[in-house]
Amino acid sequence: MRRFLSLGLLGLLLLGITLNAQAQDAETNNSPDDAAALELLEALDVESYAAKGEAITAILQSDDERARDWLQALLDGRLQRTDDGRFVLVLENRGRDWPVADVLTGEELGEMSRRELDRIGINNALRNQLRSAIAVVDLYSPSVERRRTSAERLLGEVDGELVPVLNDLIEQEEDDQVRYRLTQAVAIYRAEEGEMAGVEALDGSLHPRSRVALSRAANSDDPVVANAAAASLAGIEQQLKINRGLETLYFGLSLGSVLVLAAIGLAITFGVMGVINMAHGELMMLGAYTTWAMQQLLPGQPGLALVLSIPAGFLVAALAGVAIERGVIQFLKGRPLETLLATFGVSLILQQLVRTVISPQNRTVITPEWMSGSLVVNDALSLTLNRMYVLGFALVVFAGLMLIMRRTRLGLEVRAVTQNRAMARSMGIRATRVDIMTFALGSGVAGLAGVALSQLTNVGPNLGQNYIIDSFMVVVFGGVGNLWGTLVAGLSLGVINQVLEPWAGAVLAKIIVLVFIILFIQKRPRGLFPQKGRAAEG
Amino acid sequence: MSLTTESSTNFWLTRPFSERSTQIFLGVLVAALALVTILHVAVPADNPLHVGAYTVNLFGKYLSYALLAVAVDLVWGYLGILSLGHGAFFAIGGYAMGMYLMRQIGDRGTYGDPVLPDFMVFLNWDSLPWFWHGFDMAWFAFAMVLIAPGLLALVFGFLAFRSRVTGVYLSIITQALTFALMLAFFRNEMGFGGNNGLTDFREILGFDLRTDATRLGLFLVTGVALALGFILCRAIVSSKLGRVSVATRDAEARTRFLGYRVERFQLFVFVVSAMLSGLAGALYVPQVGIINPSEFSPIFSIEIVLWVALGGRATLYGAVIGAILVNYAKTIFTGVMPDAWLFALGGLFVFVTVFLPKGVAGLLLHLKRKKRDDDTPAPTDKIQEASL
């Protein structure tokens, strides 16, 4: 017990040296005995792996405060010996010359050629021994994060010697998660040993290591334990199935939210205005590139840049949309097929423009910290945060658009012009202005979609192309001129795609969905939610 | 009101003038074929007027594109169906021809398997998939060149026209069709060579594909196919069937109310057009020496539509002019400044649709009829919309 405590102290200490000065005062406690340390290290440089194992144990028991560093270095293959017999730590083993430091004093010795160095080799058994040793050292760390990772690493790595140590730790531990993990680690050991207590403790645990332990216990000689383990396993399988289902649903909704974002702007220009904008995907691309440009302008603040690119992306795409409307579409009023061709030309020009001006290569857009990582629900289900943000963003954009179309003057005018242009004009609505505003709105939403997409996929000149066919499918499937239809169609197509993927493969799933929509259009040419009344005659 | 002027214009366009246009077109085509042949065969290679084998090959490629454009013009110009998926029929015809050419390689492939094409040996397949049987026989393969795309068009068209899917919707689902097929053909498991497609052809009907004589022969055969395809389309559009098609294009509902089974006319013309596209693809493949899934890409299909739009819709010969002009420009551009080609192509799309709604053919007609009033598009109203 003492040994682990002191090891823990020095783990903290070493952390303190590299990360903060907090632990500096602890350093004076024990003065290192360099001769003894050298002896310990010498014992490592032997042929036999069994002897090396003993040497590692000796180091662990030595109370030397530098032990953790040595063991970590040994594990990483960075503990090496020079030609003249000195032990050094390789600080970075990349390139031809490596910077090294003295093992005993920590003093940096400059760069040495890799040919002058001799690595102290280890095998897999030693690697495991080292890992669990280091994990135990970390369990005494004051940092909760570190205790959590180390406890997690212990799952399935516990042996008989460790159990009493861990039991003591469980009593002292304040953090629930660490305690849960440690209990689980002990339970896994117990279950693997065929003890009933372990099997009972593992009931309902979704961690893969728990399942391994339980399936071992299921083969136990004791029929009671074996039956209990088998029953637990069956329950866990059931749980896992549900979790897998939830995960598929989540991915489906996430894909669906991307489709909705991509399609909703199209639903406005295509559905409401009757304009086929093949350059819609390229407007999304502009939004994504705006995000990239904002991050270039505000280096070091990816989060702020991302937030600012929401309005910026909207504006850039909306302005581009106005330019397209004024420059091309207004001359093609009432000729949807020709609008399709002309805007396709615009899309080619925009793509090539990005290739020429920026680069044909993909650009990296940084995901801010608060968006990366994932929300861990349980051992079998974790939801990535960036997808969750995009899902939320899609819903917010949708709600915003609904509000604009239903509750504002602009929405009223748009609907009036859509239903009967001549009548609306005679009521004093400036139809041309409404056209421009609608197109700007639809394009701006495309820009927003691009900003969101920059967090999920590569930002490159082909970004838009990859989405244009899918977004048309969503609009047509949902029913042209119906925003609700677009939402339902987008989300359901996303889910269908993800449900099909596991057994059909990504490409085949996509083909099946396309064929499904083609057939669906035959049955219901006006989509899921067709427009009714006079507007449908268009 | 507008309907009468519109249809009388079409009457004027299709009947008396078109007869002469057909004569002029066929005359020019035959003359061009003869001229290229003479310049290739009779003029010595060091003479600047000599047409090299590469150029003959290039012209052959243009002619197969021209046949494809004529097929698209038949459905778009005369039936009002903007198909953004005709590249699929072209590619299927090409694959049928490619399968025949693959089987002709025999045991001369890299792996020397007498039956299996190289890519199947590479994928460790031990026998031919069922749909590859029969393609060692030329008559079967050539029949499939027409039947396979025709069948796809029949099924697709039957479903679409029966449920009265028209206009933009039809355009979008044809695009989805070719996109789905592209994804499918990219898969190795499909048995069509996946990403790489079919290539490394040796001979066709016993003629070595790498000799100049075979290339000239293919060029001439493509020219003849173009002429025949053109005459077939002209016959269709100037027949009563063609008149009903045009009526469908201009006012589908009215035609239906007059008692015509519109969907049958649409289906017939659509299938004929698909078969012609397949033929064009089959003539294209031996000349370029490869067929791969990129021919299914939606961009290619939409490019075909641009050729027709540039040349002038509903004229047939305009489609030929457009296909040759655009592809010639593409050859020049991609050689001299490849980056500028997409700018040029994109600009062309915008320019043609905004400023040249009737294409080059319309411009020619306009110049011919200078004494008449200017030919700007009539103000938009319902009838005009339906026709476009």
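Every chain begins its residue count from 1, and numbering advances along the sequence as written. Going through the entries in the order they are written, you letter the chains from A and number the ligands from 1. Per-residue local features are limited, in this predicted model, to residues with pLDDT of at least 70; the limit for side-chain atom pairs, both in listing and counting, is 80 or more; totals at the level of whole chains, interfaces and linings are taken over all residues.

J.: I would appreciate a short explanation of the overall build of chain B in the present structure.
T.: A run of H or I in DSSP becomes a helix once it reaches four residues, and a run of E becomes a strand once it reaches two; helices and strands are each numbered from the N terminus. The secondary structure content of chain B amounts to 15 helices and four strands. Computed over C-alpha atoms, the radius of gyration of chain B comes to 22 Å, within 12% of the 21 Å expected from 2.2 N^0.38 for 388 residues, which places it in the range of a compact globule. Dimensions of chain B along its principal axes, counting C-alpha atoms only, are 70 × 55 × 40 Å. Counted over contacts in chain B with a minimum sequence separation of 6, partners at least 24 positions apart contribute 78%. Both definitions apply: the radius of gyration is a C-alpha atom measure, and the globule rule equals 2.2 Å times residues to the power 0.38. Note that contacts rest on C-beta atoms placed from the backbone: two residues are in contact if these are within 7 Å.

J.: Is there a simple way to explain the overall build of chain A in this structure?
T.: In terms of helices and strands, chain A carries 21 helices and seven strands. Expected size for 538 residues packed as a compact globule is a radius of gyration near 24 Å; at 32 Å, chain A overshoots this value by more than 25%. Taken over the C-alpha atoms alone, chain A extends approximately 100 × 65 × 40 Å along its principal axes. Within chain A, the fraction of its 538 residues that count as buried is 43%. In chain A, once contacts between residues fewer than 6 apart in sequence are set aside, the share between residues at least 24 apart is 66%. Put plainly, a residue is buried at 20 or more neighbouring C-beta atoms within 10 Å of its own, exposed at 12 or fewer, and partly exposed in between, counting only other residues' C-beta atoms, which are placed from the backbone.

J.: Mind showing me how you'd approach the packing of helix α3 (residues 86-105) of chain B against helix α10 (residues 262-288) of chain B here?
T.: Residues and elements named next belong to chain B. Look at α3 against α10: their axes get within 6 Å of each other, and the N-to-C directions meet at 45°. Overall, the two elements α3 and α10 adopt an arrangement that is oblique. In this structure, α3 crosses over α10, and the sense of that crossing is right-handed. Counting all contacts with α3, which are made through His-86, Phe-89, Phe-90, Ala-91, Ile-92, Gly-93, Gly-94, Ala-96, Met-97, Gly-98 and Leu-101, the residues of α10 involved are Ala-274, Ser-277, Gly-278, Leu-279, Ala-280, Gly-281, Ala-282, Tyr-284, Val-285 and Pro-286. Residue polarity follows a fixed list, in which Ala, Val, Leu, Ile, Met, Phe, Trp, Tyr, Cys and Pro are nonpolar, Asp, Glu, Lys and Arg are charged, and the others, Gly among them, are polar. Looking at the contact of α3 with α10 residue by residue, the classes come out as 14 nonpolar, seven polar and no charged. As a rule, the C-alpha atoms of each element are fitted with a line to give its axis, helices using only the stretch in contact, and angles between N-to-C directions run from 0 to 180 degrees. For this classification, under 35 degrees means roughly parallel, over 145 means roughly antiparallel, 65 to 115 means roughly perpendicular, and everything else is oblique. Working rule for handedness: look at the near helix, and if it is turned counterclockwise from the far one by less than a right angle, call the crossing left-handed; if clockwise, right-handed.

J.: Can you walk me through the sheet that holds strand β3 (residues 97-102) of chain A in this structure?
T.: Strands pair in a sheet through their backbones, by hydrogen bonds, and they do so in one of two ways: parallel or antiparallel. Residues and elements named next belong to chain A. Any two strands between which DSSP finds at least two bridges are classified as paired. In spatial order, the strands read β4-β3-β2-β1-β5; together these five strands make up an open sheet with antiparallel pairing. The open sheet has two edge strands with one neighbour each: β4 (108-113) and β5 (117-119). Pairwise comparison of adjacent strand axes, ignoring direction, gives a mean angle of 45° for this sheet. Sheet topology note: the β3/β4 ladder contains four bridges and is antiparallel. Looking at the pairing, Trp-98 lines up with Met-112 of β4.

J.: Hey, could you run me through the interface of chain B and chain A in this one?
T.: Many descriptions give the size of an interface as the accessible area lost when the pieces come together. Contacts between the two partners involve 41 residues from chain B, matched on the other side by 36 residues from chain A. Only α5 (138-162), α6 (167-186), α11 (298-311) and α13 (338-355) of chain B provide two or more residues apiece to the side of chain B that touches chain A. With 14 residues, α6 of chain B is the single largest residue contributor to the side of chain B that touches chain A. Split by residue class, the side of chain B that touches chain A holds 29 nonpolar, eight polar and four charged.

J.: Is there a simple way to think about the nonpolar core in this case?
T.: Nonpolar side chains in soluble globular proteins tend to be buried together. Throughout this description, the term nonpolar core refers to a group of buried Ala, Val, Leu, Ile, Met, Phe, Trp, Tyr and Cys residues whose C-beta atoms join them within 7 Å. Of all hydrophobic cores here, the largest spans 196 residues; its most connected members are Ala-69, Val-70, Ala-96, Ala-176 and Val-305 of chain B. The element contributing the most residues to this core is helix α2 (residues 53-79) of chain B, with 17 residues. Dropping the residues within four chain positions of it, Val-70 of chain B is found in contact with Gly-229, Phe-230, Cys-233, Leu-276, Leu-316, Ala-319 and Val-320 of chain B. Membership of the second largest hydrophobic core comes to 51 residues, among which are Ile-59, Ala-67, Ile-134 and Ile-188 of chain A.

J.: What am I meant to see in the pairing of strand β7 (residues 381-384) of chain A here?
T.: Strand residues, when the strand is regular, have side chains that alternate between the two faces of the sheet. Residue and element names in this part refer to chain A. Pairing geometry for strand β6 (residues 374-378) and β7, over four bridges, is antiparallel. Looking at the pairing, Val-376 lines up with Ser-382 of β7. Here β6 hands over to β7 after two residues, the two strands then running antiparallel side by side.

J.: I'm lost on the packing of helix α16 (residues 409-419) of chain A against helix α18 (residues 431-453) of chain A in this one. Help?
T.: In helix packing, the relevant descriptors are the interaxial angle and the interaxial distance, both defined with respect to the helix axes. All names here are of chain A. Contact pair α16 / α18: the axes reach a minimum separation of 10 Å and the direction vectors enclose 110°. The angle between the axes of α16 and α18 places the two elements in the roughly perpendicular class. For α16 against α18, the interelement crossing comes out left-handed. In this structure, α16 contributes Leu-410, Glu-413, Val-414 and Val-417 to the contact, and α18 contributes Ala-431, Val-434, Met-437 and Thr-438.

J.: It is not clear to me how helix α2 (residues 34-44) of chain A should be interpreted in this structure. Could you clarify?
T.: Quick reminder: α-helices carry 3.6 residues per turn. Residues three or four places apart thus point the same way. All names here are of chain A. Where α2 is concerned, the buried positions are Ala-37, Leu-40, Leu-41 and Leu-44. Buried residues in α2, looked at end-on, bunch into an arc of 95°, giving them a common side. Exposed positions of α2 whose direction lies more than 90 degrees from the buried face are Ala-35 and Ala-36. Arc, as used here, means the arc of the directions from the helix axis to the C-beta atoms.

J.: Sorry if this is basic, but what is going on with unusual backbone geometry here?
T.: Note: most residues except glycine have negative phi, and most peptide bonds are trans. Residues and elements named next belong to chain B. The backbone of Leu-205 sits at a positive phi, close to 50°, despite the residue not being glycine. Positionally, Leu-205 belongs in the loop between β2 (203-204) and β3 (207-208). Using a count of 11 C-beta atoms within 10 Å as the deciding quantity, one classes Leu-205 as exposed. Positive phi, normally seen in glycine, also occurs at Ala-314, with a value near 60°.

J.: Any chance you could explain the pairing of strand β1 (residues 79-82) of chain A here in plain terms?
T.: All names here are of chain A. Looking at chain direction, β1 and strand β2 (residues 87-90) are connected through three bridges and run antiparallel. Across the sheet, the residue bridging to Leu-79 is Leu-89, located in β2. From the end of β1 to the start of β2, which pair antiparallel, there are four residues, and Gly-85 there has a positive phi angle of about 90°. Where β1 meets β5, three bridges bridge the pair, whose relative direction is antiparallel. Residue pairing for β5: Thr-82 is matched across the bridge by Leu-117.

J.: I would appreciate a short explanation of the environment of Asn-462 of chain A in the present structure.
T.: Topologically, Asn-462 of chain A is positioned in the loop between α18 and α19 (465-478). Taking the C-alpha atoms as reference points, Asn-462 of chain A and Val-354 of chain A, 108 residues apart in sequence, are found 9.8 Å from one another.

J.: Honestly, the environment of Gly-271 of chain A in this entry has me stumped. Any pointers?
T.: All names here are of chain A. Tracing the chain through its elements places Gly-271 in helix α11 (residues 223-272). Linking Gly-271 and Val-258, residues 13 residues apart in sequence, is a C-alpha distance of 19 Å. Not counting residues within four places of it along the chain, the set of residues in contact with Gly-271 comprises Val-475, Val-480, Gly-481 and Asn-482.

J.: Teacher, can you tell me more about the confidence of the model for chain A here?
T.: Note that predicted coordinates carrying low pLDDT should not be read in detail. The predictor reports its confidence for every residue as pLDDT, a score running from 0 up to 100. With 92% of its residues at a pLDDT of at least 70, chain A reaches an overall mean of 82. Long-range and interchain partners of residues 5-31 of chain A, a stretch whose pLDDT sits below 50, account for 36 contacts in this model, where long-range means more than four residues apart.

J.: Sorry, what's going on with the confidence of the model for chain B here?
T.: Residue and element names in this part refer to chain B. With 90% of its residues at a pLDDT of 70 or more, chain B shows a mean pLDDT of 86. The least confident element of chain B is helix α15 (residues 382-387), whose mean pLDDT is 42; the most confident is α10, at 95. This model gives residues 1-6 a pLDDT under 50, and the stretch forms nine contacts once residues within four places in sequence are excluded. This model gives residues 378-388 a pLDDT under 50, and the stretch forms 21 contacts once residues within four places in sequence are excluded. Model confidence for the complex: the whole-complex pTM is 0.77, and ipTM, which rates the interface, is 0.82.

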